[in-house]
Amino acid sequence: MRMKRIVFEISGMHCTNCARTIEKSVGRVKGVKSTSVNFAADSAQVEFDEAETGVDELKKAVRDAGYEAEEVSMGGEHAGHDMNAMEMRNQFVISLILSLPVVALSMFLMDVPGRGLIMFLLSTPVQFWIGWRFYKGSWAALKNGVANMDLLIAIGTTTAYIYSVATLFFMQGDMFFETSALLITFVLLGKYLEALSKGRASDAIKKLMGMRPKMAVLIRKGKEVEVAVEDVKRGDVVIVYPGERMPVDGVVLSGYTAVDESMLTGESIPVEKKKGDKVIGGTVNKNGSITFKATAVGSDSVLAHIVKFVQDAQMTKAPIQRFADQVSAYFVPAVVAASILTFLGWYFLLNATFAFSLMAAVAVVVIACPCALGLATPTAVMVGVGMGAEKGMLIRGGEALEKAHRLTAVVFDKTSTLTVGKPEVTDIMPAKGATEKQVLLYSAIAEKRSEHPLGEAILANAKGRKVAVPDASSFSAVPGHGVVAKHKGKEIVLGNRKMMARKRIRFDENGMKRLEMEGKTVMALAVGGRFIGLIAVADVLKDGSAEAVARLKRMGKRVIMITGDNELTANAIARKAGISEVIAEVLPEGKAAEVKKLQKKGEIVAMVGDGVNDAPALAQADVGIAMGSGTDVAMETGEIILMKDDLNDVAAAIRLSQATMDKIRQNMFWALFYNSLGIPVAAGALYPSFGLLLKPELAGLAMALSSVSVVTNSLLLRRLK
C-alpha cells in the first residue's frame with residue numbers, strides 16, 4: 001500500500017448535504033480510505049492508496065457528483081472563497097437586473113400591455129440560466145441518494161414558475177413570476193454574503209501565505225542575483241537586508257541582526273541572530289544584513305508546515321458536528337413532507353384558494369435552511385483554529401478544540417516544561433579522601449556520551465573549569481536511574497538512589513537529602529565500587545510558570561507536576577511553581593501510565609511536555625499539549641502545539657476552546673430556533689389570528705440571511721483577547 005493524502009478545492013457546493021454527496025461519491029472509489037469534505041472551507045481531503053487509484057479518478061468522482069475539484073498542494077494557497085464570491089456576485093447582479101422589472105410589473109405597473117409576457121421573458125433566464133446551478137445540484141444529489149438545499153430551491157422556484165406559466169397561457173389566476181425570480185436573486189445574495197464571510201473565516205491561511213516573499217537574493221559567484229523564491233534550492237547562500245522577510249529557512253553564515261518572529265510565535269520582541277543560528281522563512285529581518293545557507297525550501301519549510309497544519313486542522317470535524325450531519329440527512333425530506341402537508345391542509349381542510357395554498361407550501365420549502373445548521377460548527381472551528389495560529393497556538397482541529405474546554409486536570413512535565421531545561425552544577429561534595437576535581441572529572445567522563453540535560457550541565461561545568469575530559473571505553477544509560485561507564489578498567493556509576501541500590505553502593509544519604517530539600521537534583525558518584533562524592537544540579541523555573549499555574553487554578557483546573565526526580569526535589573520545585581500535587585520518581589515509560597490512572601478516576605487530562613520521553617504521555621492524554629521548542633516527536637504527538645514556549649498559552653488555549661464551543665452552541669441554537677420558528681410561520685400559522693402570511697420571496701431572503709448570520713457570529717470570535 002502507498003497511502004497518500006491530498007486536498008482538493010471544491011466548487012459548486014451550496015450546503016452541507018452537497019458535502020455529503022461528494023463524500024459518498026468519492027468514498028465509493030476503490031482504494032479510498034477516508035474522505036472529509038468541509039463545506040465552510042470549500043475543500044475536500046482524501047486519503048487513498050496510490051496503487052489502486054489516482055487523482056484523475058478522484059476528480060472524476062467529484063464531477064460525477066455534480067461538482068468541480070482542483071488539487072491544492074499541501075501548505076499551498078487556494079482562492080476558492082474569492083472566486084466563489086466573485087461568481088456569486090456576478091450572478092446576483094444579473095439576476096437582480098432581470099428581476100427588478102418583473103417586481104415592478106407585478107406590483108406597480110399593472111396596466112402595461114403584454115405585462116405577463118414581459119414578466120415571462122425576463123424571469124425565464126433567471127429560472128433556467130441563473131438558476132441552472134440548483135437543478136444541476138439537485139440531480140447530482142438525488143443520484144447519490146442525498147437531498148440537499150438545491151432541491152428545496154429547485155422545487156420552490158419551479159412550482160411558482162410553472163404555475164405562473166400555466167396562468168399566463170392556459171388558465172385564469174394570479175401570476176408569481178416575481179416570486180420565482182426574487183427567490184433565486186435573494187438566495188444568490190445570501191450565497192454571495194456567505195462566501196465573503198467564509199473567506200474571512202479562512203483569513204489565517206491567507207495571512208500565513210502572505211508572509212512568504214515572492215523573490216529572494218542569492219549570492220552566486222560573488223554576485224547578488226534575484227530569483228523567484230520557488231527557485232531557491234537547499235544549500236544556496238541567501239542575503240537579506242533590513243526590513244526584508246526571510247525567503248526560506250536556513251542557518252546564518254555571517255552578520256548579526258534581530259528578527260521579528262511574531263508570525264511564528266506570537267511573540268513581539270525581536271530575537272537576536274548571529275552565525276550558527278536558525279532563521280525561518282517569512283520572519284522579518286529588522287536591523288542588520290545577514291547571509292545564510294538555505295536548509296529547507298518550499299513544502300519543507302517551517303511556514304509551509306504550519307500552513308499545512310492549519311489547513312488540516314480546519315478540515316477536521318468536531319464530534320459535535322455529527323449531530324448537525326444527522327439532522328441534515330433527514331432535514332430536506334422532512335421539509336418537503338411539511339410543504340405537502342401545508343398545501344393539503346390549507347386547500348382541503350381550510351378551504352383556501354389553490355394559489356394561496358400553493359404559495360404557503362412554496363414558502364415552507366424555501367424558508368427551511370439546512371445550511372445554517374451545517375455551517376454552525378465548521379465556521380467556528382475555522383475561526384478558532386485560525387486565531388490560535390495567529391497567537392502562536394497550533395490546534396490540531398475540531399476534536400482538540402472540543403475536548404480542551406472540558407479538561408479537568410492539567411499535568412505538567414517538569415524538565416524543560418515548567419523549568420528552563422538548562423540546569424547548572426550548583427554543588428560538588430567530595431567524600432572523605434576525594435577532591436572536587438576528581439568528582440567533577442569522573443562525573444564528566446561518565447556523562448560525556450550522554451544527551452541528558454543533567455549530563456550537559458556537568459560537561460559545561462568541566463569545560464568552564466578547563467578540566468580535560470577523556471572518553472570512556474564504554475557507556476550505557478539506565479533510564480530513570482543514571483549512567484554507567486568504564487575508564488581505564490574502572491566502572492564509573494553516576495545516578496540516583498535507585499542506581500546506588502541497584503549497584504549496592506553505600507553513599508551519603510543525609511547530604512543528598514539536604515541538597516534535595518533545596519530543589520536540586522543530586523547524583524551520587526562511585527568509582528570501582530567506592531562512593532567518592534555527590535554532585536548537585538539545579539534547573540530554574542521558566543518565567544511565567546507560576547503565573548500559568550495560578551491562571552489554570554482560577555479556571556478550576558487541577559494542576560499536577562510529574563517528574564523522574566525524587567519527592568524532596570520535586571516538591572521543592574512544585575512549591576515554587578504553586579503546585580500542590582506532585583507525582584515523583586516516575587520512569588519515562590511510566591508517565592503515560594500515570595496519566596491513565598488519572599483518567600480512570602474520571603479526570604479529563606491534558607499533558608504538557610516537550611521531550612521524546614513525554615510523547616507516550618502526550619498520546620495517552622485526552623489533549624496532548626507540546627511545547628514548540630521541544631522535539632519533533634512530541635510536536636507530532638501533541639494535539640495543541642505552543643509555538644511561543646509560554647505556559648500561559650495553556651490557559652489561553654483552553655479559553656479559546658471554551659469560546660469556540662460557545663459559538664458553536666449559539667450557532668446551533670440559532671439554526672434550530674430559526675427553522676423551528678420559520679417553518680410554522682411560512683406555513684401560515686399566524687394567518688388565522690393576525691392575517692400575516694410570509695411571501696415565498698421573503699422566506700427565501702430569510703433563509704439566505706440565516707446562513708450569513710451563523711458565519712458572522714463565528715467571526716465574532718475574533719474579538720476574544
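Our subject in this report is the structure included herewith. (Residues numbered from 1 in each chain as written. Predicted model: local features only at pLDDT ≥ 70, side-chain atom pairs only at ≥ 80, totals over all residues. Heavy atoms only, no water.)

### Quick look at the pattern of salt bridges
Now for step 1: The full count for this structure, using the stated rule, is 22 salt bridges.
Now for step 2: Salt-bridge contacts for Glu70 lead to Lys59; the nearest nitrogen and oxygen are separated by 4.0 Å. Within this pair, whereas Glu70 is found in strand E4 (residues 68–72), its partner Lys59 is found in helix H2 (residues 55–64), the two being separated by 11 residues in sequence.
Now for step 3: When the shortest N-O distance is used, the salt bridge between Glu509 and Arg497 registers 2.8 Å. Remark: Arg497 occurs in helix H18 (residues 497–503) and Glu509 occurs in helix H19 (residues 509–516); sequence separation between them is 12 residues.
Now for step 4: Taking the relative accessible area as the measure of exposure, Glu509 reaches 28% and is therefore partly exposed. (Salt bridge = Lys/Arg side-chain N within 4 Å of Asp/Glu carboxyl O. Helix = DSSP H or I, 4+ residues; strand = E, 2+ residues; numbered from the N terminus. Buried < 20%, exposed > 50% of the residue type's maximum accessible area, 1.4 Å probe, protein only.)

### A closer look at the packing of helix H1 (residues 16–27) against helix H11 (residues 321–349)
Now for step 1: Relative orientation of the contacting elements H1 and H11 amounts to 110°, with a least axis distance of 10 Å. Taken together, the axes of H1 and H11 are roughly perpendicular relative to one another. Of the residues in H11, those in contact with Thr16, Asn17 and Arg20 of H1 are Ser328, Ala329 and Val332.
Now for step 2: A breakdown of the residues in the contact of H1 with H11 according to their chemical character gives two nonpolar, three polar and one charged. (Axes fitted to C-alpha atoms, helices over the stretch in contact; angles between N-to-C directions. Parallel < 35°, antiparallel > 145°, perpendicular 65-115°, else oblique. Contact = heavy atoms within 4.5 Å. Nonpolar A, V, L, I, M, F, W, Y, C, P; charged D, E, K, R; others polar.)

### Things to note about the pairing of strand E18 (residues 482–487)
Now for step 1: Across the six residues of E18, five count as buried, placing the element largely inside the fold.
Now for step 2: Bridge count for strand E17 (residues 474–478) against E18 is five bridges, and the pairing is antiparallel. Its bridge partner lying in E18, Ser476 is registered against Val484.
Now for step 3: In this structure, the hairpin formed by E17 and E18 is closed by a connection of three residues, where Gly480 is found at a positive phi of approximately 80°.
Now for step 4: Bridge analysis of E18 against strand E19 (residues 490–495) gives six bridges, and the strand direction is antiparallel. (Pairing = 2+ DSSP bridges.)

### Focus on the sheet that holds strand E12 (residues 284–285)
Now for step 1: Ordered by their spatial adjacency, three strands build an open sheet running E10-E9-E12, and the pairing between neighbours is antiparallel. A single partner strand is all that each edge strand has here, and the edge strands are strand E10 (271–273) and E12.
Now for step 2: Pairing of strand E9 (residues 257–260) with E10 involves three bridges; the strand directions are antiparallel. Pairing of Val259 across the sheet is with Val271, part of E10.

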